[in-house]
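# Structure at a glance
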Amino acid sequence: MSFDRSAHRRITSLTAREILDSRGWPTVMVTVGLADGAVASASVPSGASTGQFEAHELRDGDPARYSGRGVLQACAHVAQTIAPALMGFAATSQQEIDRLLCDLDGTPNKSRLGANAILGVSLAVARAGALSLGAPLYRYLGGVGARRLPVPMMNVINGGKHAGNGLQMQEFMIVPHGVPAYGEALRYGSETYHALKSLLEEAGLSTGVGDEGGFAPKLASERQALEFIVRAIEKAGFEPGRQIAIALDPAATSFAHDGQYALPSLGPRSLTADELLAVYEDWSRSFPIVSIEDGFAETDWPAFSQQTASMGDRVQIVGDDLYVTNTRFIARGIAEKATTAALIKPNQIGTVTETIAAVDLCRRSGLAYKFSHRSGETVDSFVADFAVAMGGGQLKAGAPCRGERLAKYDRLLEIEDELGGAEFISPFIR
């Protein structure tokens, strides 16, 4: 006697609740139950530095609750609109479910139901499908060929909207890429992080941390942050550049005004895009920088193209707010040769299927891509599995500090053990 296995994977329950993220603000957690007894949950991260074209994160706007940042409406949309429509669907029908979620919303940016409601459902469905099939999430999404572990990009000094320390640029990352295996990369990063802490303490500077677990000292300039990082790499016993490199995420939209860029550490006068490019070129000659993300404002497309033409042969130029994980913007970037890489954040676009479409476009065009957490995170490690599934070889998940960041890095240790002979290949060795 035969039976339809998909019937055992049909969705029988779908609920959402308001939980708190790493900044103490509400976010959405969705739980999916299947007929075969599988139950899976997923929670949605939230960014502080967000692109204007990102999918819409629905907040209640009620000043009497969480300063208007509650997500009860998004949770209600899951219960009242999404759940009735998805009952009986097989959790393994990811594309069909994600398409239905977009149709139910009916807006270009998911503003009716909320991208936080929609993504929570999409992630939880994917996790439930994997659980029902008895497959690890990375294999369920990426197939049997998913064996490449990403190089961790660790934000060790926070600035910009992630810290109130006067630094305009947002993320100063270490990239332990010149190592034989992921576990060793994690060790190199952790030891460098602690070496940086001791250097800051010796200098009488604060070692309090910002949103992503990186230190947030009051430094004189962005250049001083780079100098501290190089010293920390050396103090930990590693070779700058060859073993541990540096990556930047200036998040330049946050200090862009009327086509110019305000960096007080470089003087009172704002910089033109050409002058800011000259700063990046100088830093890339002085420090082992392998990647610069959002070096210019999200609408300054000519500046990105100029930076790629000038530096793209030796430094990875990444679009984040420029692309917001949207194939329409990525296609424009490919046509204009705006960057050499795209940042991938599922909550910028709102579903698993659309995120995979963005990765597929990067693959077809030869554009590099890296997965990323958000500054407001939870202990959900979905993005770690996703990074392995898609095989881009890069993941930024914050400092080797704070539980919501370590959940991603530690999940990759589990995957490394499961795979045995996992691949760990630096995308920065040319």
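Every chain is numbered independently, its residues counted from 1 as its sequence is written. Note on the predicted model: pLDDT of at least 70 is required for a residue's local features to be given, and 80 or more for side-chain atom pairs to be given and counted; whole-chain, interface and lining totals, by contrast, use all residues. Computation of side-chain values: all heavy atoms of the structure, hydrogens and water removed.

In the nomenclature of an unreviewed UniProt entry, the chain corresponds to Enolase from the organism Phenylobacterium haematophilum. UniProt positions are given in the numbering used here, feature names are shortened, and annotations may be inferred rather than shown by experiment. Word for word, the UniProt comment on the chain under Pathway (unreviewed entry) is "Carbohydrate degradation; glycolysis; pyruvate from D-glyceraldehyde 3-phosphate: step 4/5." Among the UniProt annotations of the chain, the heading Function (unreviewed entry) holds the following wording: "Catalyzes the reversible conversion of 2-phosphoglycerate (2-PG) into phosphoenolpyruvate (PEP). It is essential for the degradation of carbohydrates via glycolysis."

Two kinds of site are reported from a 1 Å grid over the protein atoms alone, namely cavities, where a 1.4 Å probe fits but cannot get out, and pockets, open sets with protein on both sides within 12 Å along at least five of seven lines, and residues are called lining when an atom falls within 4 Å of a point. Grid points are joined across faces, edges and corners, and a volume is the space filled by probe spheres set on the points. All chains considered together, the criterion is met by 2 cavities of 30 Å³ or more. Space inside the largest cavity adds up to approximately 150 Å³. Lining the largest cavity are 15 residues, and of these Pro45, Leu123, Glu377, Phe382 and Val383 lie nearest its centre. Each helix is a run of H or I in the DSSP string that is no shorter than four residues. Each strand is a run of E no shorter than two, and both are numbered from the N terminus. Sorting the residues of the lining of the largest cavity by element identifies α4 (115-133), α11 (346-349) and α13 (382-390) as the ones contributing at least two each.

Once that is clear, we can look at the side chain of Gln316. Tracing the backbone through its elements, the reader meets Gln316 in strand β10 (residues 316-319). Identification of polar contacts relies on pairs of N or O atoms within 3.5 Å, with a donor-acceptor requirement for protein atoms, meaning one able to donate a hydrogen and the other able to accept it, and with residues adjacent in sequence counted only if both atoms are side-chain atoms. At 3.0 Å, the side chain of Gln316 forms a polar contact with the side chain of Ser291. Among the polar contacts listed, one links the side chain of Gln316 to the side chain of Gln394, at a separation of 2.9 Å.

For the rest of this paragraph, the subject is the UniProt feature "binding site: substrate" (unreviewed entry) in the chain. In this structure's numbering, the residues bearing the UniProt feature "binding site: substrate" (unreviewed entry) are His162, Glu171, Glu293, Asp320, Ser372, His373, Arg374, Ser375 and Lys396. The subset of the named residues that lines the largest cavity consists of Ser372, His373 and Arg374. Position of Ser372 among the secondary structure elements: in strand β12 (residues 368-372). Here a residue-residue contact requires only that any non-hydrogen atoms of the pair lie within 4.5 Å. Once residues lying within four places of it in the same chain are set aside, the contact partners of Ser372 are Leu343, Ile344, Lys345, Val383, Leu395 and Lys396. Working definition: with a 1.4 Å probe on protein chains only, accessible area under 20% of the residue-type maximum means buried, over 50% means exposed, and in between means partly exposed. We classify Ser375 as buried; its relative accessible area is 2%. A polar side-chain atom of Ser375 sits 2.5 Å from a polar atom in the side chain of Arg23.

This part takes up the environment of Ala115. When you line up the elements, Ala115 lands in helix α4. Assessed through its relative accessible area of 5%, Ala115 is described here as buried. Excluding anything up to four places from it in sequence, Ala115 contacts Ala55, His56, Lys110 and Gly350.

The next point concerns the pairing of strand β9 (residues 289-293). Of all 5 residues in β9, 5 are buried, a share of seventy percent or more. Examined bridge by bridge, strand β6 (residues 244-249) and β9 share 3 bridges and lie parallel to one another. Note on β9: the bridge partner recorded for Ile246 is Ile289. Two strands are counted as paired when DSSP detects at least two bridges linking them. Sheet analysis places β9 next to β10, joined by 3 bridges and oriented parallel. Along β10, the bridge assignment pairs Ser291 with Gln316. Call a crossover right-handed when, viewed with both strands pointing away from you, the route from the first strand across the helix to the second goes clockwise. Of the crossover connections in this fold, the one passing from β9 over helix α9 (residues 301-311) to the parallel β10 is right-handed.

The next subject is the nonpolar core. In plain words, nonpolar cores are sets of buried Ala, Val, Leu, Ile, Met, Phe, Trp, Tyr and Cys residues tied together by side-chain atoms within 4.5 Å. Counting 130 residues, the largest nonpolar core has Leu276 and Phe371 as its most contacted members. Per-element tally for this core: the top contributor is α4, with 10 residues. For the purposes of this description, domain bounds are those given by an automatic or database domain assignment. Per-domain counts for this core show at least three residues from each of domain 1 (10-134) and domain 2 (142-424). Not counting chain neighbours up to four residues away, the residues in contact with Leu276 comprise Met169, Phe255, Tyr261, Leu263, Leu271, Gly295 and Phe296.

Strand order in this open sheet of 3 strands is β1-β2-β3, and the pairing throughout is antiparallel. A strand with exactly one partner marks an edge of an open sheet, and here the two such strands are β1 (11-20) and β3 (39-43). Strand after strand, the sheet turns through a mean of 20 degrees between neighbouring axes, direction not considered. Here 5 bridges tie strand β2 (residues 26-34) to β3, and the two strands are oriented antiparallel to one another. Within the sheet, the bridge partner assigned to Thr31 lies in β3 and is Ser41. Note on geometry: axes are lines fitted to C-alpha atoms, helical ones only across the stretch in contact, with angles between N-to-C directions running from 0 to 180 degrees.

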